[in-house]
Amino acid sequence: MTVQKVGVVGCGLMGHGIAQVAAQAGCQVTVLEADAGALEKGLGRINKSLGKLVQKEKISQADADKAFGHITGTGEVKDLADCDLVVEAIVENLDVKNALFKDLGALCKAETIFASNTSSFPVSEMGAASGRPERMVGLHFFNPVQLMKLVEVVRTPATSDEVFAEAKAFGEACGKVPVAASDTPGFVVNRLLVPYLAEAIRMVERGDSTPADVDAGMTLGCGYPMGPFTLLDYVGLDTTMFILEGWVEKYPNESLFEVPALLRQKVQEGKLGRKTGEGFFKWEGDKRA
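What counts as what
- Counting from 1, residues in each chain are numbered in the order their sequence is written.
- For this predicted model, a pLDDT threshold of at least 70 governs which residues receive local features, and a threshold of 80 or more governs which side-chain atom pairs are given and counted, while totals over whole chains, interfaces and linings are taken from all residues.
- Hydrogen atoms and water are omitted, and side-chain values are computed over all heavy atoms in the structure.
- Numbering goes from the N terminus for both helices and strands, where a helix is a DSSP run of H or I of at least four residues and a strand is a run of E of at least two.
- Residue burial is assigned from relative accessible area. The probe radius is 1.4 Å, only protein chains are included, and a residue is buried under 20% of its type maximum, exposed over 50%, and partly exposed in between.
- Side-chain atoms within 4.5 Å are what join buried Ala, Val, Leu, Ile, Met, Phe, Trp, Tyr and Cys residues into a set we call a nonpolar core.
- Contacts are assigned to residue pairs that have any heavy atoms within 4.5 Å of one another.
- Directions drawn from the helix axis to the C-beta atoms are what define this arc.
- Two rings belonging to Phe, Tyr or Trp (six-membered ring only in the last case) form a pair when the distance between their centres is within 6.5 Å. Interplanar angles under 30 degrees mark stacking, angles over 60 mark edge-to-face geometry, and anything in between is tilted.
- In this scheme, Lys NZ or Arg CZ marks a charge over a ring once it lies within 6 Å of the ring centre and within 35 degrees of the ring normal.
- Note on disulfides: each one is a pair of cysteine sulfur atoms within 2.5 Å.
- Residues enter patches when they are more than 30% accessible in relative terms and free of salt bridges; like-charged ones are connected within 9 Å and nonpolar ones (Val, Leu, Ile, Met, Phe, Trp, Tyr) within 5 Å.
- Each accessible area is a Shrake-Rupley estimate made with a 1.4 Å probe; only the visible protein chains count as cover when residues are assessed.
- Criterion for a salt bridge: a side-chain nitrogen of Lys or Arg within 4 Å of a carboxyl oxygen of Asp or Glu.
- When charges are tallied, Lys and Arg are placed among the positive residues and Asp and Glu among the negative ones, while His and the ends of the chain are skipped.
- Charged side chains are reduced to one point each, which is NZ for Lys, CZ for Arg, CG for Asp and CD for Glu.
- The definition of a polar contact used here is a pair of N or O atoms within 3.5 Å, where within protein one atom must be able to donate a hydrogen and the other to accept one, and adjacent residues in sequence count solely through side-chain atom pairs.

Trainee: I'd like a rundown of the environment of Phe187, residues and numbers included.
Mentor: Following the sequence through the fold, Phe187 ends up in the loop between strand 8 (177-182) and helix 7 (189-205). Assessed through its relative accessible area of 4%, Phe187 is described here as buried. A C-alpha to C-alpha distance of 9.1 Å links Phe187 and Val153, two positions 34 residues apart in sequence.

Right, here's the structure in full:
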């Protein structure tokens, strides 16, 4: 792997985890976060996460200190200019992402690989915005990044063989299992998962079953670690609706992407799941009430 210096844009839920695993892989990491408070909070999360790994005897204190020492925070995009790889982990808004990659394309060295952690948007559009489509990939990590073993490596029609191989090697260095995916809606995991979640909601809309019974059916009958409604509440109902709406706009003839009326109703009522204390279930912190 030739990637030695990594830029991570965003130090939120996903960004701080990506920064941590890259630092643990031995890379020098520069984390860009426009909001100073968010940057401080994200770096604090990384320090706390490394501390938990030490407590569980997964890593030594020396290794934790070394990894954290590899991370530098910044509020200036210019500090990413000499990175070998820049991974974007900001808000799921394509216009905002495209604007970022346009700036990075004008700033970074010619060898820089660009990657997006998007779970739903076309990677090729961001590559076009950067002006370097052959150096663009998707690197879709899963939450929590520090624990989940999977990373989807998304190849667009323009992605070069060299860049795709480097992206896979980076994923492996971060301790992940990279799976190859084409630049299609939802890639591998969400292409199957999101329509499954939507169909679960339609079952309840039709009166076929209840959220609790559907969850029991999928956990006990299929061995899933959590049912679709618990997962919906955990991910955020607004997030699921946002993904479906984007797919409907781009692929209007695909019936599997239709947004269930009950999902819209929940979002309009502000019942977004775990983060608001109520979605399909009521929540007390991270646990169902």
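Trainee: Describe the nonpolar core, listing the residues and the values that go with them.
Mentor: The nonpolar side chains of a soluble globular protein tend to be buried, and buried together. Residues Val6, Val29, Leu85, Leu139, Phe141 and Phe170 are the most contacted members of the largest nonpolar core, which totals 39 residues. It is helix 2 (residues 36-55) that contributes the most residues to this core, 6 residues altogether. Sequence-distant contacts of Val29, that is, excluding residues within four places in its chain, are made with Val6, Val8, Ala19, Ala22, Ala23, His70, Ile71 and Thr72. Counting residues in hydrophobic clusters, the runner-up holds 24 residues, among them Leu231, Ile243, Val267 and Phe281.

Trainee: Explain helix 11 (residues 261-268) residue by residue, including any values.
Mentor: Along an α-helix, residues three or four positions apart point the same way, because every turn accommodates 3.6 residues. All of the buried residues along helix 11 are Leu262, Leu263, Lys266 and Val267. Looking straight down helix 11, one finds its buried side chains confined to an arc of 135°; they lie on one side. The exposed set on the far side of helix 11, more than 90 degrees from its buried face, consists of Ala261 and Gln268. Tucked inside the fold, the buried residues of helix 11 contact helix 7 and helix 10 (237-250). Taken from the residues just after helix 11, Gly270 is the one with a positive phi, measuring 80°.

Trainee: So what's going on with the packing of aromatic side chains? Residues and values would help.
Mentor: Per the counting criterion, the structure on display carries 6 aromatic pairs. Each ring, one from Tyr196 and one from Tyr224, has its centre 6.0 Å from the other, and the planes form 70°; the classification is edge-to-face. Here Tyr196 is found in helix 7, whereas its partner Tyr224 is found in the loop between helix 8 (211-222) and helix 9 (228-235), with 28 residues between them in sequence. Exposure remark for Tyr224: the relative accessible area of 38% places this residue in the partly exposed category. When the centroid spacing of 4.8 Å and the interplanar angle of 70° are considered together, the rings of Phe229 and Phe280 count as edge-to-face. In this pair, Phe229 is assigned in helix 9 and Phe280 in the loop between helix 11 and strand 9 (283-284), connecting sequence segments 51 residues apart. Cluster of aromatic residues (ring-pair linked, three or more members): Trp247, Tyr251 and Phe257. Directly above the ring of Phe280 sits Lys266, whose terminal nitrogen or CZ lies 5.2 Å from the centroid. A cation over an aromatic ring shows up here: Arg274 above the ring of Tyr234, its NZ or CZ 3.9 Å from the ring centre.

Trainee: I'd love a proper account of the state of the cysteines, names of residues and values included.
Mentor: For the coordinates displayed, the defined rule picks out 0 disulfides. For Cys11, which is in no disulfide, the shortest distance to another cysteine sulfur is to Cys83 and amounts to 14 Å. On the basis of relative accessible area, Cys11 is assigned to the buried category, the value being 2%. Note on Cys174: no disulfide assigned, nearest cysteine sulfur contributed by Cys27 at a separation of 6.3 Å.

Trainee: Any details on a positive patch on the surface? Residues and values, ideally.
Mentor: Taken together, the side chains of Lys48, Lys52, Lys56 and Lys58 make up a positively charged region of the molecular surface. For Lys52, the position within the fold is in helix 2. With a relative accessible area of 44%, Lys52 lands in the partly exposed category.

Trainee: How would you sum up the side chain of Glu88? Please name residues and give values.
Mentor: Structurally, Glu88 is set in strand 4 (residues 85-88). At a separation of 2.9 Å, a polar atom in the side chain of Glu88 contacts the main-chain amide nitrogen of Ile90. Among all residues touching Glu88, those that are not within four sequence positions of it are Val9, Lys97, Leu100, Phe101, Ala115, Ser116, Asn117, Thr118 and Met126.

Trainee: If you had to explain the pattern of salt bridges to someone new, which residues and values would you point to?
Mentor: Scanning the model with the defined rule gives 18 salt bridges in all. Linking Lys5 and Asp82 is a salt bridge whose minimum nitrogen-to-oxygen distance equals 3.1 Å. In this pair, Lys5 sits in strand 1 (residues 5-9) while Asp82 sits in the loop between strand 3 (71-74) and strand 4, placing the two residues 77 residues apart along the sequence. Lys5 gets classed as partly exposed once you look at its relative accessible area, which sits at 25%. Between Arg274 and Asp286 there is a salt bridge, and its shortest N-O distance comes to 2.8 Å. Of the two residues, Arg274 is situated in the loop between helix 11 and strand 9 and Asp286 in the loop between strand 9 and strand 10 (287-288); the sequence distance between them amounts to 12 residues.

Everything listed here is a matter of coordinates, which is why it stays silent on function.
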